[in-house]
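The chain contents come next:
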Amino acid sequence: MTVSYQYEVASSTSGGFTRLLFMWRGSLYKLIYRELLLFIVAFGLLSTAYRNLFTEPQKRLFEKVVVYCEMFIAFIPLSFVLGFYVAYVAGRWWQQYMAIPWPDKVMHSLALYIGGNDIQGRMIRRTLMRYLNLSLILVLRSISSAVKRRFPTMDHLVEAGFMTRQELEMFQAVPNMEFNTYWIPCTWFIALLKDTKKSNRIVDSQGLKIIVEEFNEFRSKCGLLWSYDWISIPLVYTQVVTLATYSFFLAALVGRQYVDETTSQQKKQFQMEVDIYIPLFTILQFFFYMGLLKVAEQLINPFGDDDEDFELNWLIDRHTKVSYLGVDTLMSRYPPLVKDKYFDDINLILPYTGAAFAYKKKTYRGSVHNMQVPEDQQSMFLPEISEEEEDDRDSSSKRGSSPKKTSSFTNLMNAVSPPAGQVVRGLVSIIVEMWKQIFNRQK
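The structure displayed is predicted, hence computed values, not measured ones. (Residues numbered from 1 in each chain as written. Predicted model: local features only at pLDDT ≥ 70, side-chain atom pairs only at ≥ 80, totals over all residues. Heavy atoms only, no water.)

J.: Please explain the overall build of the chain as it appears in this structure.
T.: Secondary structure assignment for the chain yields 18 helices and zero strands. A burial count over the chain gives 34% of its 443 residues as buried. Residue pairs in contact within the chain that sit at least 24 positions apart in sequence constitute 73% of those at least 6 positions apart. In the form shown here, the chain has an accessible surface area of approximately 29400 Å², with 61% of it arising from carbon and sulfur atoms. (Helix = DSSP H or I, 4+ residues; strand = E, 2+ residues; numbered from the N terminus. Buried < 20%, exposed > 50% of the residue type's maximum accessible area, 1.4 Å probe, protein only. Contact = heavy atoms within 4.5 Å. Areas by Shrake-Rupley, 256 points an atom, 1.4 Å probe, with all protein chains shown as cover.)

Here it is, written out as C-alpha cells:
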C-alpha cells in the first residue's frame, strides 16, 4: 500500500515536512542505504590505499586518474536525464492507478434496473457482480505478483468462492494457448444480462443501455491494465538512465578523492580540509541522484511488492464486499423518509464546533462588491446619439482630424452627470459652432 502522509502535511507551519524526514517506511533512506554504505566503504578503502599502501609512482599515477575523472564527470548530463525520466515514470504510475476499474457504477445500475428481492433476483445481481470482479482478478493474476501469490492456481479461485467448479471447467475448455482469456467472465456477464432482459427482469431498455455502458467502461479498463503490463517503458531509456547514474558515481568514487599533490590548480583551489576524509557533498549528491533513480525503479511497476505499490489484494476484498452489499443486502434497507432538521427553516444557521469555528469564513461576493459609486453619478439618462451622428456626418465632409475632437468632446460630456452635463454640453456646442465658422472663413 502506498505510504500516506497527508495528515502530517495538513499544515505547512507545523513542521510537517520536517517530521517526514524521520519516517522509515517508504523513505529515501530505506531505498538507498545499501548502495550508500557500499559507496562510502569503497571510497574509504580507496582513500586508505592511497594514503598508506601506494608507492610514490603509484600515488602520482592515482593523482592523474583523480584529475581526469574530476574533469570529465561534469560531462554526464545526469540531472537532465534523471529528471525527465522520473517525471515520465511518475506520470505513468498515476495513469496506471486511474486504469484500475471500480465496480461501483455497475453495482448501482444493477440495483436500480434489475428488480426483485426474491431468490432469483438476488442470484442474478450477485452473479453479475461476481463475473465482473472475476474478470478483474484474472487480469491482476497475470500482472501482479502479490495477487498471483494469493491465487497461484485457478483452483484457488474456486476455493475462494469467485468461481464455481462448473464455471472453471467451462473456462478451461476455451482454447487459451495463444492469449490471455481474462475476458471470458465478461461474456458470461453479457449472456446472463441478455437472459435477464428476456425474462422481463429489466423492464427499462434505457436502463439496459446504461448497464452495458458502465460494463464496457469496466471491461476497457481491465484491458488497459493488461496493456500497461504488456507495453513497458522502452528498455533502452531505462538502461541509459541506469548507466548514467552508476557511471557518475563510479567516476565520483575516484574523482572526489583527496590527493596531496596535483597538477590541477583548479582542484587545489577548491580542495577543502573538512572534506578530506568525508566526501560530504558527494554523499548529498548520492542522496539526490540515486534517490531519484530508486524512485523511478519503485514506480515503474506499481503491481509488485514495493512500499509505493498498489495494494491490489485489499482492492479485491473491497470490491467483492461492496458489490454484494450494493446489489443485495442494502437494496431493501434504507432509512424511512422523514423531515430533515432544517425542513421549515429558510435561513439556515449551521453549527460549528469550537475546534472548527476558525474555518468559518464569509462568502466571497466579488472583487468590486464593496465599491461605492457617487450618488451624483447614479442617475440614469439616455445619451444623445443624434448629435453624435450629425457630428460624424460633418466630419466626413471636411478634411483633417479636427472633427474627431468634437466626437471626443461629446463622448466626454456623456460621462458627466445629467444636471451638470446639460450646462456644460451647451457651452461646448457654442464653442464648437464658433470654431467651425472660423475654420470655414480661413478655408
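J.: How do you make sense of the environment of W93 when you look at a structure like this?
T.: Relative to the assigned elements, W93 resides in helix α4 (residues 78-98). Taking the C-alpha atoms as reference points, W93 and F310, 217 residues apart in sequence, are found 9.9 Å from one another. When sequence neighbours within four positions are dropped, the list of residues in contact with W93 reads T2, L299, P302, E308 and F310.

J.: How do you make sense of the packing of α4 against helix α12 (residues 235-255) when you look at a structure like this?
T.: Running from N to C, α4 and α12 point in directions that differ by 140°, and their axes come no closer than 10 Å. The angle between the axes of α4 and α12 places the two elements in the oblique class. Crossing angle aside, the handedness with which α4 passes α12 is left-handed. Touching L78, V81, L82, F84 and Y85 of α4 are Y237, T238, V240, V241, A244, T245 and F248, all from α12. (Axes fitted to C-alpha atoms, helices over the stretch in contact; angles between N-to-C directions. Parallel < 35°, antiparallel > 145°, perpendicular 65-115°, else oblique. Left-handed = near helix turned anticlockwise from the far one by under 90°.)

J.: Even after reading the chapter, I still don't get the nonpolar core, so can you show me in this structure?
T.: Side chains of nonpolar character tend, in soluble globular proteins, to be buried together. Within the largest apolar cluster, 75 residues are counted, with the highest numbers of intra-cluster contacts made by L157, M163, F189 and L225. Among the elements that line this core, the one with the most residues is helix α6 (residues 119-143), at twelve residues. Discounting chain neighbours no more than four positions away, the residues touching L157 are L134, I137, L138, R141, F151, F162 and M163. By size, the runner-up hydrophobic cluster in this structure holds six residues, among which are Y50, F62, V66 and V254. (Core = buried A, V, L, I, M, F, W, Y, C linked by side-chain atoms within 4.5 Å.)

J.: Where do I start with the packing of aromatic side chains in this structure?
T.: Two descriptors summarise a pair of aromatic rings, namely the distance from one centre to the other and the angle between the planes of the rings. Counted under the stated rule, the structure contains 24 aromatic pairs. Ring geometry for F151 versus F162: centroids 5.8 Å apart, planes at 85°, classification edge-to-face. You can see F151 sitting in the loop between α7 (145-150) and α8 (154-160) and its partner F162 sitting in the loop between α8 and α9 (165-173), a full eleven residues away along the chain. The exposure class of F162 is buried, given its relative accessible area of 8%. Taken together, F39, F43, F248, F249, F286 and Y289 form an aromatic cluster joined through their ring pairs. Against the face of Y50 rests K59, its NZ or CZ located 5.7 Å from the ring centre. Just above the ring of Y324 sits the side chain of R126; from NZ or CZ to the centre is 4.2 Å. (Phe/Tyr/Trp six-rings, centres within 6.5 Å; stacked < 30°, edge-to-face > 60°. Lys NZ or Arg CZ within 6 Å of the ring centre and 35° of its normal.)

J.: Looking at this model, I keep getting lost on helix α11 (residues 205-230). Mind explaining?
T.: Each α-helix winds once per 3.6 residues, and so residues spaced three or four apart point in a common direction. End to end, α11 covers 37 Å across 26 residues, agreeing with the expected 38 Å (1.5 Å per residue, within 8%). Of the positions making up α11, those classed as buried are G207, I211, E214, F215, F218, C222, G223, L225 and Y228. Among the structural elements, α4, α5 (104-113), α6 and α10 (184-198) are those in contact with the buried residues of α11. The N-capping residue of α11, defined by a side-chain oxygen 3.0 Å from the backbone nitrogen of Q206, is D204. (Expected span 1.5 Å × (residues − 1). Polar contact = N/O pair within 3.5 Å; in protein donor to acceptor, adjacent residues only side chain to side chain.)

J.: Quick question: what am I supposed to make of α12 here?
T.: The terminal C-alpha atoms of α12 lie 30 Å apart, and with 21 residues this matches the ideal 30 Å at 1.5 Å per residue to within 8%. Among the residues making up α12, those that are buried are V241, A244, T245, F248, F249, A251, A252, L253, V254 and G255.

J.: I tried to follow the packing of α4 against α11 on my own but got confused; where do I start?
T.: Each pair of packed helices gets described by two things: the angle between the helix axes and the distance between those axes. Between α4 and α11, whose axes approach to 9 Å, the crossing angle comes to 150°. Where α4 crosses over α11, the handedness of that crossing is left-handed. Of α11, the residues touching α4 (which contributes R92, Q95, Q96 and M98) are K221, L225 and Y228. Class assignment for the residues of the contact of α4 with α11 results in three nonpolar, two polar and two charged. (Nonpolar A, V, L, I, M, F, W, Y, C, P; charged D, E, K, R; others polar.)

Note that all results are geometric; they support no functional claim without further evidence.
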